[in-house]
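Residue-level structure breakdown
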Amino acid sequence: MTEEAFRQVFAKFFPNGASCSAYSHYVFSSMDPEDTGVVYFEEFAQTLSLLRRGSLEEKLAWTFHLYDLNGDGVLSREEFEDMTISIYSLMGDKETGSPPPSEVINTRVEMVDKKFGLTRDSKGGGISLEQFLAVCMEDKEIQQALVVLGENGSR
């Protein structure tokens, strides 16, 4: 499946007015780490299986790699901000199609910054996979968001 075909299928799951192009690009890229421009059924099925039946730690590791937009193994504040914008854009206003107000996004990014100890002026700083897992494994809100993906709340 090409990225465009994936985006078209992905878009069917979100309301009219939502913009899913950024988020679908990130998800597609996570399934196409060699940047071939094609995701084969096996890669797609493996990702769905992990998200549906994987352990909490496996889901968190996948989420980390999804958020690691530049693939350097560290999550920066900018990557969190880009992902937050793309996630909130999925929930675009049904009537206007406009993205959520910047204050909504900024509030969410600031909440994430606090959880992970990031600041606006932390140059070059970021979060490793180990740090990400440690914080997320202790955060009930994050766990609940991921359990929704699992079957009967299984881990």
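Everything discussed here concerns the structure shown above.
Read on for a plain summary of the structure.

The rules behind each value
- Residues numbered from 1 in each chain as written.
- Predicted model: local features only at pLDDT ≥ 70, side-chain atom pairs only at ≥ 80, totals over all residues.
- Heavy atoms only, no water.
- 1 Å grid on protein atoms, 1.4 Å probe; cavity = no way out; pocket = protein on both sides within 12 Å on 5 of 7 lines; lining within 4 Å.
- Points joined across faces, edges and corners; volume = space filled by probe spheres on them.
- Helix = DSSP H or I, 4+ residues; strand = E, 2+ residues; numbered from the N terminus.
- Nonpolar A, V, L, I, M, F, W, Y, C, P; charged D, E, K, R; others polar.
- Polar contact = N/O pair within 3.5 Å; in protein donor to acceptor, adjacent residues only side chain to side chain.
- Contact = heavy atoms within 4.5 Å.
- Patch = residues over 30% accessible without salt bridge, like charges linked within 9 Å, V, L, I, M, F, W, Y side chains within 5 Å.
- Areas by Shrake-Rupley, 256 points an atom, 1.4 Å probe, with all protein chains shown as cover.
- Salt bridge = Lys/Arg side-chain N within 4 Å of Asp/Glu carboxyl O.
- Buried < 20%, exposed > 50% of the residue type's maximum accessible area, 1.4 Å probe, protein only.
- Core = buried A, V, L, I, M, F, W, Y, C linked by side-chain atoms within 4.5 Å.
- Phe/Tyr/Trp six-rings, centres within 6.5 Å; stacked < 30°, edge-to-face > 60°.

**Description of the layout of surface pockets**
Any empty space left between atoms is shown by rolling a water-sized probe over those atoms. If you add up the space inside the second largest pocket, you get close to 150 Å³. Lining the second largest pocket are His-25, Tyr-26, Ser-29, Ser-30, His-65, Leu-66, Asp-68, Leu-69, Asn-70 and Gly-71. Among the secondary structure elements, those contributing two or more residues to the lining of the second largest pocket are helix H2 (21–31) and helix H4 (56–67). In terms of residue count, the dominant contributor to the lining of the second largest pocket is H2 (four residues). Split by residue class, the lining of the second largest pocket holds three nonpolar, six polar and one charged.

**Focus on the side chain of Thr-84**
By secondary structure assignment, the location of Thr-84 is in helix H5 (residues 77–90). Only 2.7 Å separates the side chain of Thr-84 from the backbone oxygen of Phe-80, close enough to count as a polar contact. Beyond its immediate stretch of four places on either side in the chain, Thr-84 contacts Ile-105, Arg-108 and Val-109.

**As for a nonpolar patch on the surface**
A cluster of nonpolar side chains, contributed by Met-1, Val-9 and Phe-13, occupies part of the molecular surface with about 320 Å² of accessible area. Within the secondary structure, Phe-13 sits in the loop between helix H1 (3–11) and H2.

**Some remarks on unusual backbone geometry**
In this structure, Asp-35 takes a positive phi of about 55 degrees despite not being glycine. Inspection of the secondary structure assignment puts Asp-35 in the loop between H2 and helix H3 (41–53). Assessed through its relative accessible area of 68%, Asp-35 is described here as exposed.

**Describing the nonpolar core**
One finds Leu-66, Phe-80, Phe-116 and Phe-132 to be the most contacted residues of the largest nonpolar core, which totals 28 residues. The set of elements that each furnish at least two residues to this core consists of H1, H2, H4, H5, helix H6 (102–116) and helix H7 (129–138). Looking at which element gives the most residues to this core, the answer is H4, with six residues. Aside from chain neighbours lying at most four places away, what touches Phe-132 is Leu-60, Thr-63, Phe-64, Leu-75, Phe-80, Phe-116 and Ile-127.

**Regarding the pattern of salt bridges**
Across all of its chains, the model carries six salt bridges by this definition. Notably, a salt bridge pairs Glu-4 with Arg-7, separated by 2.8 Å at the nearest N-O pair. Separated by three residues within a single helix, Glu-4 and Arg-7 lie in helix H1, roughly one turn from each other. Its relative accessible area of 27% is what places Arg-7 among the partly exposed residues.

**Notes on the packing of aromatic side chains**
The geometry of two aromatic rings is summed up by the distance between their centres and the angle between their planes. Per the stated rule, a full pass over the model turns up eight aromatic pairs. Measuring from centroid to centroid gives 5.8 Å for Phe-6 and Phe-28, while their planes differ by 50 degrees, and the two rings are tilted. With Phe-6 in helix H1 and Phe-28 in helix H2, this pair connects stretches of sequence that are 22 residues apart. Classification of Phe-6 as buried rests on a relative accessible area of 6%. When the ring of Phe-10 is compared with that of Tyr-23, the centres are 5.9 Å apart and the planes differ by 35 degrees; the resulting orientation is tilted. Residue Phe-10 is found in helix H1, and its partner Tyr-23 is found in helix H2; the two are separated by 13 residues along the sequence. Assessed through its relative accessible area of 15%, Tyr-23 is described here as buried.

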